[in-house]
Amino acid sequence: MMRSMYSAVSGLKTHQTKMDVIGNNIANVNTVAFKSSSVVFQDVLYQMTSNASGANAATGTGGVNAKQIGLGVTTGATNLSITTSGAAETTGRAFDIRLSDQSTTNFFVVNNGSENLFTRAGSFYVDGAGNLCMTSTGYTVMGWQVDPTTGNIKKDTVSALRVMQTSNLTSAPEATTQANVSGIIDKNDKDVLSDNGLVKTLTFFDNLGYSYTARFAMKSTGTDGKYTVELEKILNSDGTTFYDPATSQVKLEDVFGSKTTDATLGTYNQVQSGYYYDSTSNKFYVGSNANGIEISWNQATNSFTDGKNPATTYSLKQVYGIPDAMVSKIANKQATAAIANGTLTITGDVTDYAIDFSTKDGTFTGVGARTSNNKTNTVTLNMSKLGNNPTQFDNITIDFSGLKDANNGGKSTAVMSTGSIDDGVTGKGKKLGAMIGISIDNNGLIKGTYDNGNTETLGQIAVAQFANASGLEKVGENCYRTTLNSGEFDGIGVEISADGSSMTSGELEMSNVDLSTEFTQMIITQRGFQANSRIITTSDTLLEELVNLKR
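Since we're looking at a predicted model, the values are computed, not measured.

A tally of regular secondary structure across the chain gives six helices and 38 strands. Taken over C-alpha atoms, the radius of gyration comes to 46 Å for the chain, far larger than the 24 Å a tight globule of 551 residues would show. Judged by the C-alpha coordinates and their principal axes, the chain covers about 170 × 45 × 40 Å. In the chain, once contacts between residues fewer than 6 apart in sequence are set aside, the share between residues at least 24 apart is 60%. A total accessible area of about 28400 Å² is found for the chain, and carbon and sulfur atoms account for 48% of it. Between the centroid of the 41 positive side chains of the chain and the centroid of its 52 negative side chains there is a distance of 2 Å.

Attention shifts here to the domain arrangement of the chain. Where interface size is quoted, it is often the accessible area lost as the parts come together. Per the domain assignment, the segments of the chain are domain 1 (1–45 + 69–81 + 513–549), domain 2 (87–167 + 448–509) and domain 3 (173–258 + 349–431). Computed over C-alpha atoms, the centres of domain 1 and domain 2 are 39 Å apart. Contacts between the two partners involve seven residues from domain 1, matched on the other side by eight residues from domain 2. For Glu509, the salt bridge identified is with Lys35, shortest N-O distance 2.4 Å.

Looking now at the sheet that holds strand E23 (residues 303–306). Adjacent strands of a sheet pair through backbone hydrogen bonds, lying either parallel or antiparallel. The strand order across the open sheet built from five strands is E20-E21-E22-E23-E24, with neighbouring strands paired in antiparallel fashion. Edge positions in the open sheet fall to strand E20 (275–278) and strand E24 (313–315), since each of these has one partner strand only. Mean inter-strand twist for the sheet, computed between neighbouring axes without regard to direction, equals 35°. Pairing geometry for E23 and E24, over three bridges, is antiparallel. Residue pairing across strands places Ser303 opposite Ser315, the latter belonging to E24.

It is worth spelling out the pairing of strand E26 (residues 343–357) at this point. When you tally the buried positions in E26, you get eleven out of 15 residues, the bulk of the element. Direction of pairing for strand E19 (residues 258–268) relative to E26: antiparallel, over a ladder of eight bridges. Counterpart to Tyr268 in the pairing with E26 is Leu344. With six bridges connecting them, strand E25 (residues 335–340) and E26 associate as antiparallel partners. Pairing of Ala340 across the sheet is with Thr343, part of E26. Following E25, the chain reverses through two residues before pairing antiparallel with E26; Asn341 in that reversal takes a positive phi of roughly 55°. Across four bridges, the pairing between E26 and strand E27 (residues 364–368) is antiparallel. Within E27, the residue paired with Asp356 across the bridge is Gly366. Joining the antiparallel neighbours E26 and E27 is a turn of six residues, in which Gly362 adopts a positive phi near 80°.

In this structure the tally under the stated criterion is 21 aromatic pairs. Measuring from ring centre to ring centre gives 5.0 Å for Phe108 and Phe124, while their planes differ by 85°; the resulting arrangement is edge-to-face. Placement of Phe108 in strand E7 (residues 106–111) and of Phe124 in strand E9 (residues 124–126) is noted, with a sequence separation of 16 residues between them. With centroids separated by 6.0 Å and ring planes inclined at 25°, the aromatic side chains of Phe204 and Tyr212 adopt a geometry described as stacked.

Okay, the side chain of Ser10 next. With respect to the helices, strands and loops of the structure, Ser10 is situated in helix H1 (residues 2–27). Once residues within four sequence positions are removed from consideration, Ser10 is found in contact with Leu71, Gly72 and Val73.

A separate point is the environment of Ala263. Following the sequence through the fold, Ala263 ends up in strand E19. Between the C-alpha atom of Ala263 and that of Phe519, which follows or precedes it by 256 residues, the distance is 98 Å. In this structure, Ala263 is in contact with Ile346, Thr347, Gly348, Val350 and Arg370, ignoring residues within four places of it in sequence.

Strands sit in the order E28-E29-E14-E30 across an open sheet of four strands; the sheet is mixed. The strands lining the two open edges of the sheet, one partner per strand, are strand E28 (378–381) and strand E30 (415–418). Strand after strand, the sheet turns through a mean of 25° between neighbouring axes, direction not considered.

A word on the side chain of Ser171. Assignment of secondary structure puts Ser171 in strand E13 (residues 170–171). Side chain to side chain, Ser171 and Glu456 meet in a polar contact 2.5 Å long. Look past the residues within four positions of Ser171 in its chain and what remains in contact with it is Lys431, Leu432, Gly433, Tyr450, Asn452, Asn454 and Glu456.

In this approach, a probe sized like a water molecule rolls over the atoms, and the result shows the empty space that is left. By volume, the largest pocket is sized at about 1400 Å³. Looking at the largest pocket, it is lined by 43 residues, and the ones nearest its centre are Lys219, Glu230, Leu265, Lys329 and Val350. Contributions of two or more residues to the lining of the largest pocket are made by helix H2 (190–193), strand E16 (211–220), strand E17 (226–236), helix H3 (252–255), E19, helix H5 (324–331) and E26. The element best represented in the lining of the largest pocket is E19, accounting for six residues.

For the rest of this paragraph, the subject is the environment of Ile295. Mapping Ile295 onto the fold places it in strand E22 (residues 293–298). Each C-alpha atom, one on Ile295 and one on Asp306, is 4.7 Å from the other, the two residues being eleven residues apart in sequence. If sequence neighbours within four positions are ignored, Ile295 has contacts with Tyr275, Phe284, Tyr285, Val286, Phe304, Thr305, Asp306, Tyr314 and Val319.

What follows is about the nonpolar core. Counting 35 residues, the largest nonpolar core has Phe216, Leu231, Phe256, Ile355, Leu381, Ile398 and Phe400 as the members making the most contacts within it. Every residue in contact with Ile355, bar those within four places of it in the chain, is listed here: Met218, Gly225, Lys226, Tyr227, Thr228, Val229, Phe364, Gly366, Val367, Phe400 and Leu403. Formed by 24 residues, the second largest nonpolar core is a distinct cluster that contains Leu117, Ile440, Ile461 and Cys479.

Turning our attention to the UniProt feature "domain: Flagellar basal-body/hook protein C-terminal" (unreviewed entry) in the chain. Here, UniProt's "domain: Flagellar basal-body/hook protein C-terminal" (unreviewed entry) annotation points to residues 505–549. Overall, residues 505–549 shows 73% helix and 9% strand. The separation of its end C-alpha atoms is 76 Å.

Bringing the UniProt feature "domain: Flagellar basal body rod protein N-terminal" (unreviewed entry) in the chain into the picture now. As annotated by UniProt and renumbered to match this structure, "domain: Flagellar basal body rod protein N-terminal" (unreviewed entry) occupies residues 5–35. Split by type, residues 5–35 is 74% helix and 0% strand. Its first and last C-alpha atoms lie 36 Å apart.

About the thresholds
- Residues numbered from 1 in each chain as written.
- Predicted model: local features only at pLDDT ≥ 70, side-chain atom pairs only at ≥ 80, totals over all residues.
- Heavy atoms only, no water.
- Helix = DSSP H or I, 4+ residues; strand = E, 2+ residues; numbered from the N terminus.
- Rg over C-alpha atoms; globule rule 2.2 N^0.38 Å.
- Contact = heavy atoms within 4.5 Å.
- Areas by Shrake-Rupley, 256 points an atom, 1.4 Å probe, with all protein chains shown as cover.
- Lys, Arg positive; Asp, Glu negative; His and termini not counted.
- Charge placed at Lys NZ, Arg CZ, Asp CG, Glu CD.
- Domains from an automatic or database assignment.
- Salt bridge = Lys/Arg side-chain N within 4 Å of Asp/Glu carboxyl O.
- Pairing = 2+ DSSP bridges.
- Axes fitted to C-alpha atoms, helices over the stretch in contact; angles between N-to-C directions.
- Buried < 20%, exposed > 50% of the residue type's maximum accessible area, 1.4 Å probe, protein only.
- Phe/Tyr/Trp six-rings, centres within 6.5 Å; stacked < 30°, edge-to-face > 60°.
- Polar contact = N/O pair within 3.5 Å; in protein donor to acceptor, adjacent residues only side chain to side chain.
- 1 Å grid on protein atoms, 1.4 Å probe; cavity = no way out; pocket = protein on both sides within 12 Å on 5 of 7 lines; lining within 4 Å.
- Points joined across faces, edges and corners; volume = space filled by probe spheres on them.
- Core = buried A, V, L, I, M, F, W, Y, C linked by side-chain atoms within 4.5 Å.
- UniProt positions renumbered as here; feature names shortened; annotations may be inferred.

What follows is the structure in structure tokens.
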């Protein structure tokens, strides 16, 4: 009877242990990535009252089994359901990460300052030092860094992922190397026909990320399908002049354009209001008809002179309305004016490129020097000739093949843009980028997004895998430690996609505790505890009856 009581006591203790495990499971029903445990019972020693005997052929008797009395129950094992994933909880936070296992249970590697621990709880944040850390403990998340020489992930010993370090806050600028011109040039556009031309701007970057704006003028030559483009000046980002061909020691033809001597700069066949040209007599008059004051062209002074009063002169701007820029060129001997049959023709040296189109369908045929018969799709803005040093700028290849010569109601739609004509991105150039966001992809790659359009890899979260994940030791705070039965961590880890697993940003793994199972186990445990208590009370009653025998 004493044996039964002690067996029942062991039953009470063991069922209490099971209830403790159930209570812990239910207490952590809402703990992130908590893994439930279960208790396995086993019987303990047996007292042998009679050994087994074999069959006796001589006497014809059979064998007898051993007579054993059990001495109770004990906890055989506490099983951890670590390979069973919990449900997904959507949080929307970029640094909340859920591990989705394919064939192997994966763990984040975190460090508490003295050792690497392992967790499934992917609730992270960036601390004041820029480290990716667990929100609950502040333990740093471990992973692989970016090789500064290649820009690729270097998979060696894991280290703390400091994603917001100073070097990651900005993205390097890129110099512009390609540009393109697209749209329509309409020969009836007043700007195209004017002496100033159709002005278009191109904003680009140097190797330091500073921006500049180049001003170009596209003009009609007066011949169908033939236009020109010339560089007027280049401005700094604040609007001040960076390069002006008129004042710079660097020649315009070294920067943009091909120099042509004695080119026609402008043709004017109509005098201004208040002046009259008589084609019959080939004479000019001040007034609206031949009754006005006769004036004559003086090639030496590039002006008209009053025949009766030679001291009175009339400028080309007054008579023909030529722009100030053309007046300045004539005054500085950079251009020559000549009048024949009432038509003013101004010639001089010019540095520009010719743009040719098919007169049949208006398609682009080439750009290059006016006298060239081998025009191509591109010309170069030689920015390397400018700047404080030869490496400040990269030369910019400008593709004009996106232009078309067509009737668009007198409105040209031509635009100049940085980037290749194929994708608009290659060679576009970028300013120094400031970080505007961080994201984590399915492979654990941490990427920074910058306001200059760049996306750069900042590191990669490594995971740990174990031969026997259930053999890990729970150390609290949602973390585990390796044991002799779990297998060791090699210090490097693996990429989560190696076996098809993945990480999902914006989600957390919930506890895998099943309340229906826990309540069922609670009922079973309660009944087991009650039954063992009955053993004790019944044994006590039997002892009481034994004591009462002497009465």
